[in-house]
Amino acid sequence: MSIALYRKYRPATFGEVRGQEHVTDPLRQALRSGRINHAYLFSGPRGCGKTTSARILARSLNCAEGPTPDPCGTCDSCVSLAPDGGGSIDVIEIDAASHGGVDDARDLRERAFFSPVNSRYKIYIIDEAHMVTREGFNALLKLVEEPPPHLKFVFATTEPEKVIGTIRSRTHHYPFRLIPPSTLKELMEDLLKEEEVTYDPAALPLVVRAGAGSARDTLSVLDQLIAGSDEGGITREGAVSLLGYTDSSLLGEMVDALGARDGAAAFGLVDRVVEGGHDPRRFTTDLLERFRDLVVLSAVPDAIDKGLVNVSPESVDQMKEQAARLGPAELSRAAEVLNQGLTEMRGATAPRLLLELLCSRILLPATDGDQGVALLARLEQMERRVASGAIAPQASAPAPAPAAPAAPAPVRQPSPPQPVAPAPQADPPRPQPARPQTPEPAPRQAARPSQPASRNEPSGWDAPAPAPAEPRAAAPASGGPLDLGRLQGAWHQVMEAVKGRRRFTWMMLHGGDVQPVGVEGNTVLLGFSKPNEAKGFTTSGSDQVVAGAIQQVLGAEVRVAPAGVGGPPAPPRRPEPAPRPAEPSGWDAPPVRNEPAPVQARPEPAPEPERPAGPPPERLLSDRPEPPPDPYEDAAAAPPPEDHGPPAPVRNAGPGNGRPEESAPREERPANAPAPRPASAGAASAGPSPSGGSGNGGGGVSLIETELGGKLIEEIEHEPSEGF
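Residues numbered from 1 in each chain as written. Predicted model: local features only at pLDDT ≥ 70, side-chain atom pairs only at ≥ 80, totals over all residues. Heavy atoms only, no water.

Undergrad: Help me understand the overall build of the protein, please; the structure alone is not making it clear to me.
TA: When its secondary structure is counted, the protein shows 26 helices and 10 strands. Residues classed as buried in the protein amount to 39% of the 724 residues present. Here the protein has roughly 40,500 Å² of accessible surface; of this, 55% comes from carbon and sulfur atoms. (Helix = DSSP H or I, 4+ residues; strand = E, 2+ residues; numbered from the N terminus. Buried < 20%, exposed > 50% of the residue type's maximum accessible area, 1.4 Å probe, protein only. Areas by Shrake-Rupley, 256 points an atom, 1.4 Å probe, with all protein chains shown as cover.)

Here it is, written out as structure tokens:
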């Protein structure tokens, strides 16, 4: 009958314990110097030597030559406490998993005060100490704090934090660690030579991997392989089959399929895994391990020689080629996706579905959005395709012509001419009751921009000059042609730049999940879910902030507009006020007539802040109320001609009242203004005045009454010439 390897080769002294020198060396020194504590706490993962070290400590303390770091192995105590010994009555091992209650603690306390039978110390080894209840620890507290001189305690646990602090503070704590793979490999080689078993060196890394740093688990797996091997000994194929690992060739095919973006091959391999009876979780774990090895190989070319990667010799060349071809960014991203998928697979009812989804995410880096790792992976793909000749590099665009130096202030782009009034050709000529013989001057609206100085008007009253008919070419971006894919790929960096420039704009874009949806020329169109957000984006100046961020990240000078605008947005115009009833149509862009400036010019009021354009100065009086009638005149003079030419004062005696009347030019009356008062019979037959007055008749009276608040008291009569 054979004994398990972990029992057969259990260490008997501290010198035989491997991988725990940080614990055994201090204990041996304490035994050598005689500074022995009354209680010890050994903690660490399972199978790393806690209970074995506790037995060795008890053997060293009760040795006939002790306390000594190296027991003699011949005395009664050493023989009874040997790995194959029968035990000692003075060394009591208690399994706290089944004896951790308060009653067990009371029974231990009652027996602890008795002296040892035939040994130097009475030693209690409490294994799985974290299973002792709080009441049990409290029952042991006084005994552990002040034990009798012959009593020693050794607590062994995998969860030291569950041992109450009052107990832990009264012990010497020695934390055990996982055993390194190289140490386990040497241990297995020594045991196989001792057992005279042939083995394949490529199978030992699989055993070490299955043991996960635990000496007991590793020796258990090795014992299983020895039991199932034939005359050929332990082989790698047998270890892969027995331990359930995925074959190395299958992992290599999957890596090649994912690297080549071959979805058909990748999903076919998933089907082979499932049809072969393999666990999708185990396959995902092995694939993650393979990507880890590739990442290490890409960073450390000689990782295999240094022992950082443990693979079969036939897979070394293939893995080196894969690591050089895929690149670190894509390998790291694939490993990250698989790691997240393993977490999602816990408790999943359809692990195959999750495995297929993981493969699809690795095949499509764009599904990760603007993450930096996904962007680097896509760049590496493009570089490989260009290097292989699958994509021809784009020809460089011709150098743009040197642009004119920019003005210090932003220049307002001229908007296309907009009709502000009906076409002049369609307007019927206004009636001229006083001078029907004067023809209506032809509209000369087109000549207005060429005669800016024909009137004494402040700048800004004329309508803006029409833009040229040919479309203006967009200025080439300094960072090269900008397309939608390039902008979407770098949108995360653009958002970070926006956040550094203006946090309000970043909050507006981030809160509304705004993304670029199109590029038209040098205009970037952003998609907004709500019209109010798009309007607020433009009016708040956030478009300029985003344009500056795009120029900072991509080096392209662009405009930014909401997607609904459909082109570069014109500068916002102030809302036009409601038309006043006294204004004629067409004041925003009045036709210019070939006429001299008015005789009398007066300072004009400043234009209203909400009107970018206003009427010419000579029409400012048209919106005022009609002046009251002159008490010394019967009726107003005939309306003046449209062209506001030099006035011809007329003096004629009316037959009705015999008082002279003078006719002076009046301002042009709008079409919707009140009709003029009917002139008297004498005024109808009025002729030119020989005095050649300068227009101080009715128009002058109106100006005096309206502007100066005066009142006409008396008029001086002039004798008519003989010809009249």
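Undergrad: Looking at this model, I keep getting lost on the side chain of Thr13. Mind explaining?
TA: One can find Thr13 in the loop between helix H1 (5-8) and helix H2 (21-33). The residues touching Thr13, leaving out its near neighbours within four places in the chain, are Ile56 and Pro71. (Contact = heavy atoms within 4.5 Å.)

Undergrad: In this structure, what is going on with the pairing of strand E1 (residues 39-43)? I would like to understand it.
TA: Every other side chain in a regular strand lies on the same face of the sheet, so the side chains alternate between the two faces. The buried fraction of E1 is high, at 5 of 5 residues. Side chains Ala39, Leu41 and Ser43 project from E1 onto one buried face, and the interleaved Tyr40 and Phe42 project onto a second face that is buried too. Sheet topology note: the E1/strand E4 (residues 151-157) ladder contains 5 bridges and is parallel. Among the inter-strand pairings, Leu41 is bridged to a residue of E4, identified as Phe155. (Pairing = 2+ DSSP bridges.)

Undergrad: Just to check I follow, could you spell out helix H12 (residues 248-259) for this structure?
TA: Think of an α-helix as turning once every 3.6 residues; residues three or four places apart then point the same way. Look at H12: 17 Å from first C-alpha to last across 12 residues, which is about the 16 Å you get at 1.5 Å a residue. Taken together, the buried positions of H12 are Ser248, Leu250, Leu251, Gly252, Met254, Val255, Ala257, Leu258 and Gly259. Directly after H12, the chain includes Arg261, whose backbone phi takes a positive value near 60°. (Expected span 1.5 Å × (residues − 1).)

Undergrad: What is the right way to look at the sheet that holds E1 in this model?
TA: Pairing between the strands of a sheet is mediated by backbone hydrogen bonds and can be parallel or antiparallel. The parallel open sheet is built from 5 strands, whose spatial order is E2-E3-E4-E1-E5. Of all the strands in the sheet, just strand E2 (91-95) and strand E5 (172-175) have a single pairing partner and so form its edges. Averaged over all adjacent pairs, the angle separating strand axes in this sheet is 15°, with direction ignored. Docked against the sheet, H2 engages E1 and E5, running at close to 145° with respect to E5. Docked against the sheet, helix H5 (residues 102-112) engages E2, strand E3 (122-127) and E4, running at close to 165° with respect to E3. (Axes fitted to C-alpha atoms, helices over the stretch in contact; angles between N-to-C directions.)

Undergrad: Could you clarify how one ought to interpret unusual backbone geometry in this entry?
TA: Excluding glycine, residues mostly have negative phi values, and the peptide bonds linking residues are mostly trans. Backbone geometry at Glu196 places phi at a positive 60°, although glycine is not the residue there. Relative to the helices and strands, Glu196 is located in the loop between helix H8 (181-195) and helix H9 (204-211). Under the relative-accessibility criterion, Glu196 is labelled exposed at 74%. Within the chain, Ala212 stands out as a residue other than glycine whose phi angle is a positive 55°. Relative to the helices and strands, Ala212 is located in the loop between H9 and helix H10 (215-228).

Undergrad: What is the right way to read the packing of aromatic side chains from this model?
TA: What characterises a pair of aromatic rings is the spacing of the ring centres plus the angle enclosed by the ring planes. With the rule as written, the count across this model stands at 7 aromatic pairs. Aromatic pair Tyr40 and Phe42: ring centres 6.4 Å apart, planes at 50°, arrangement tilted. Here Phe42 falls in the buried class, since its relative accessible area comes to 0%. Judged by centre distance (5.8 Å) and plane angle (20°), the rings of Tyr124 and Phe153 are stacked. Of this pair, Tyr124 sits in strand E3 while Phe153 sits in strand E4, and the two are 29 residues apart along the sequence. (Phe/Tyr/Trp six-rings, centres within 6.5 Å; stacked < 30°, edge-to-face > 60°.)

Undergrad: Which parts of the structure should I look at to understand the sheet that holds strand E8 (residues 559-562)?
TA: Pairing is mixed in the open sheet, where 3 strands are placed in the order E6-E7-E8. Here the strands that pair on one side only, and so sit at the sheet edges, are strand E6 (515-520) and E8. Averaged over neighbouring strand pairs, the angle between their axes works out to 30° when direction is ignored. Bridging between strand E7 (residues 523-527) and E8 involves 4 bridges; their strand directions are parallel. Of the residues in E8, the one forming a bridge with Leu526 is Pro562. Against the sheet, helix H24 (residues 542-554) contacts E7 and E8, and its axis sits at roughly 135° relative to E8.

Undergrad: What exactly am I supposed to notice about the packing of H8 against H9 here?
TA: If you want to describe how two helices pack, look at the angle between their axes and the distance between the axes. Where H8 meets H9, the closest approach of the two axes is 10 Å, and the angle between their N-to-C directions is 120°. With respect to H9, the axis of H8 lies oblique. In terms of crossing hand, the pair formed by H8 and H9 is right-handed. Of the residues in H9, those touching H8 at Pro181, Leu184, Lys185, Met188, Glu189 and Leu192 are Leu204, Val207 and Val208. In the contact of H8 with H9, the residues fall into 7 nonpolar, no polar and 2 charged. (Parallel < 35°, antiparallel > 145°, perpendicular 65-115°, else oblique. Left-handed = near helix turned anticlockwise from the far one by under 90°. Nonpolar A, V, L, I, M, F, W, Y, C, P; charged D, E, K, R; others polar.)

Undergrad: Explanation requested: the pattern of salt bridges in the structure shown.
TA: Charged atoms that come close allow side chains of opposite charge to pair. Enumeration over the complete set of coordinates arrives at 20 salt bridges. The closest approach of N and O atoms between Arg46 and Asp217, which form a salt bridge, is 3.1 Å. Taken as a pair, Arg46 in the loop between E1 and helix H3 (50-61) and Asp217 in helix H10 lie far apart in primary sequence, 171 residues in all. A salt bridge links Asp286 to Arg209; the nearest nitrogen and oxygen atoms lie 2.7 Å apart. Of this pair, Asp286 sits in helix H14 (residues 280-299) while Arg209 is found in helix H9, placing the two residues 77 residues apart along the sequence. (Salt bridge = Lys/Arg side-chain N within 4 Å of Asp/Glu carboxyl O.)

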